[in-house]
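Structural characterization, general
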Amino acid sequence: MTRGTGRGKSAPAPRSVDVARLAGVSQKTVSRVFNDEQYVSADVRRRVLEAAEQLGYRRNNAARALASGRTRSIGVVTLGTALYGPASLLMGVERAVRDTGYALRVVNTMEGDPAGIAGAVDSLLDQGVDGIVISEPIDEEEGTDSDVSLRVDVPVLVLGAPSAVAAPTLLTAGDGADLMARTATEHLLELGHVTVHHLAGPQRWFAARDRLNGWRATLTARGRDVPQVTEGDWSAASGYRAGRELARDPAVTAVFAANDDMAIGLIRALTEAGRRVPEDVSVVGFDDVPVAAYVTPPLTTVRQPFDTVAQEGLKRLVHAVENPDADPVPSSDPPVDLVVRASTAPPPPPPPNRTTPARGRRAPSGSRGDTSPPPLPDGGPPSHH
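An unreviewed UniProt entry lists the protein chain under the name LacI family DNA-binding transcriptional regulator, with Streptomyces bobili as the source organism.

Examining the overall build of the protein chain
Along the backbone of the protein chain there are 11 helices and 13 strands. Summing over all exposed atoms, the protein chain offers an accessible surface of approximately 21,400 Å²; the carbon and sulfur share of this is 51%.

Thoughts on the sheet that holds strand β7 (residues 170–173)
Backbone hydrogen bonds are what pair the strands of a sheet, in a parallel or an antiparallel way. A sheet is described by the order of its strands in space; here five strands give the open sequence β2-β1-β3-β5-β7, paired in parallel fashion. Of all strands in the sheet, those with a lone pairing partner are β2 (103–109) and β7, marking the two edges. Shown here is a sheet whose adjacent strand axes are inclined to one another by a mean of 20°, direction ignored. Of the pairings in the sheet, the one linking strand β5 (residues 156–159) to β7 comprises four bridges and is parallel in character. In the sheet register, Leu159 faces β7, and the bridge partner there is Ala173. Each of β1 (73–79), β3 (131–135), β5 and β7 touches helix α11 (residues 306–322); the most contacted strand, β7, lies at about 170° to it.

So, the pattern of salt bridges
Applying the stated criterion to the full structure yields 14 salt bridges. Across the salt bridge formed by Arg21 and Asp18, the nearest N and O atoms sit 3.3 Å from each other. With Arg21 and Asp18 both in helix α1 (residues 16–23), this residue pair falls three residues apart, about one helical turn. Sharing partners across several salt bridges, the network here consists of Asp43, Arg46, Arg47 and Glu50.

Some words on the pairing of strand β11 (residues 282–287)
The buried fraction of β11 is high, at six of six residues. Summarising the sheet, strand β10 (residues 254–257) and β11 pair through three bridges and their orientation is parallel. By the bridge assignment for β11, Phe256 is matched with Val284. Assessed by its sense of winding, the connection that carries the chain from β10 through helix α10 (residues 260–272) to β11 is right-handed.

Quick look at the sheet that holds β11
Here six strands make up an open sheet; going across it, the order is β9-β8-β10-β11-β12-β13 and the pairing mixed. The open sheet has two free edges, formed respectively by β9 (230–231) and β13 (337–339), since each of these has just one partner strand. Sheet analysis places strand β8 (residues 197–200) next to β9, joined by two bridges and oriented parallel. Note that in β9 the partner of Ala200 across the bridge is Glu231. Packed onto the sheet, helix α7 (residues 177–190) meets β10, β11, β12 (300–303) and β13 and runs at close to 160° relative to β11. Packing of helix α9 (residues 236–246) onto the sheet brings it into contact with β8, β9 and β10, and relative to β8 it is tilted by some 155°.

Focus: the nonpolar core
Leu199, Val255, Leu266, Leu270, Val283 and Leu299 are the most contacted members of the largest nonpolar core, which has 25 residues in total. Secondary structure elements with two or more residues in this core: α9, β10 and α10. Tallying contributions element by element places α10 first for this core, with five residues. Beyond its immediate stretch of four places on either side in the chain, Val283 contacts Val255, Ala263, Leu266, Ile267, Leu270, Val277, Leu299, Thr300, Ser343 and Thr344. Listed in part, the 20 residues of the second largest apolar core include Ile74, Val93, Ala310 and Val321.

Focus on empty space enclosed by the protein
In this structure the tally under the stated criterion is one cavity of 30 Å³ or more. As for the largest cavity, its lining consists of Thr169, His319, Ala320, Asn323, Pro324, Ala326, Asp327 and Pro328. For the lining of the largest cavity, the per-class residue count stands at four nonpolar, three polar and one charged.

Notes on the packing of α1 against helix α3 (residues 42–55)
Two elements in contact, α1 and α3, have axes whose closest approach is 9 Å; the angle formed by their N-to-C orientations is 120°. Relative to α3, the element α1 lies oblique. Helix-helix and strand crossings are classified by hand; for α1 and α3 the assignment is right-handed. Facing Asp18, Val19, Leu22 and Ala23 of α1, the residues of α3 in contact are Arg47, Val48, Ala51, Ala52, Gln54 and Leu55. Its residues assigned to classes, the contact of α1 with α3 comprises seven nonpolar, one polar and two charged.

Definitions and limits used
Residues numbered from 1 in each chain as written. Predicted model: local features only at pLDDT ≥ 70, side-chain atom pairs only at ≥ 80, totals over all residues. Heavy atoms only, no water. Helix = DSSP H or I, 4+ residues; strand = E, 2+ residues; numbered from the N terminus. Areas by Shrake-Rupley, 256 points an atom, 1.4 Å probe, with all protein chains shown as cover. Pairing = 2+ DSSP bridges. Axes fitted to C-alpha atoms, helices over the stretch in contact; angles between N-to-C directions. Contact = heavy atoms within 4.5 Å. Salt bridge = Lys/Arg side-chain N within 4 Å of Asp/Glu carboxyl O. Buried < 20%, exposed > 50% of the residue type's maximum accessible area, 1.4 Å probe, protein only. Right-handed = clockwise from strand over helix to strand, strands pointing away. Core = buried A, V, L, I, M, F, W, Y, C linked by side-chain atoms within 4.5 Å. 1 Å grid on protein atoms, 1.4 Å probe; cavity = no way out; pocket = protein on both sides within 12 Å on 5 of 7 lines; lining within 4 Å. Points joined across faces, edges and corners; volume = space filled by probe spheres on them. Nonpolar A, V, L, I, M, F, W, Y, C, P; charged D, E, K, R; others polar. Parallel < 35°, antiparallel > 145°, perpendicular 65-115°, else oblique. Left-handed = near helix turned anticlockwise from the far one by under 90°.

Have a look at this one:
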């Protein structure tokens, strides 16, 4: 007798027991294959996956979560911004989460909302995520007395910032901006510049602070003067405004900008003021945005390893989720990649030191201070007009 659908109902969805029967294995083996466990032969794994595809079987994630106590999902708290750095890091996190086989839950926060992070974390915990990534580049807790403002019962990965989170496992990644800033500053000093000026980002941003600290520490360690900091807001327009001010100071021969957009605006202002880049002023940016190689001149900059940071961080977070009693996987320092293009060069030669001898005294003949014409051929005194 042929089984019909009856009253227009669709056939029941295939179950893992149906996959096991078709593949000729136990239901436990099917579970092992879909949980990606070890000790399953390649042939058995192939038969199970082929049977599942033939039947149209899909894992019941809700039932799986009830059985394992995990939802295989990672939550991400991130600032809602189109700025290149945070947006690129979020893209790297999304790719890394997909590679781990976990589902992704993203909650955006808004700048200027101190309660935004706590609300986003609560929302993700309500969704039952197994771990949380916090990519919050702004210090919304500035001025508060508490060192810990959030208490979370799942592992947490914090990207590029200090954390005010208490969690069973607290991991950090992408916190090497100060080292990258040191590399940029050292590059300019090694070219022969006496000191380096800094066009900083807004100081509520952790990354801006780290880059400023790395620049200042390098100058201090080398015994160089530390010029006054000029602060922008990450935009090319703020870099242009800063550039108009810096162009008025002939002592400025090198500038490290905290991001590429500000560096591009800075170069525009310097060029308009008649200060050539790099002949008169060298400029280094930070990020290596796609357009950096195509501006005039092509911009020397520090390339941020967004994908590397995200992949390593997510690997460590998933390990903490799946092995709660194991020691955390140690982190490694992010690579520093200085991309040297055409916006940096040795400083211009100093202007000639033209001095005149003191009044009433004659400089020795042949000295740099001797501005008198040579004596007449007969040895008589020179004539002055």
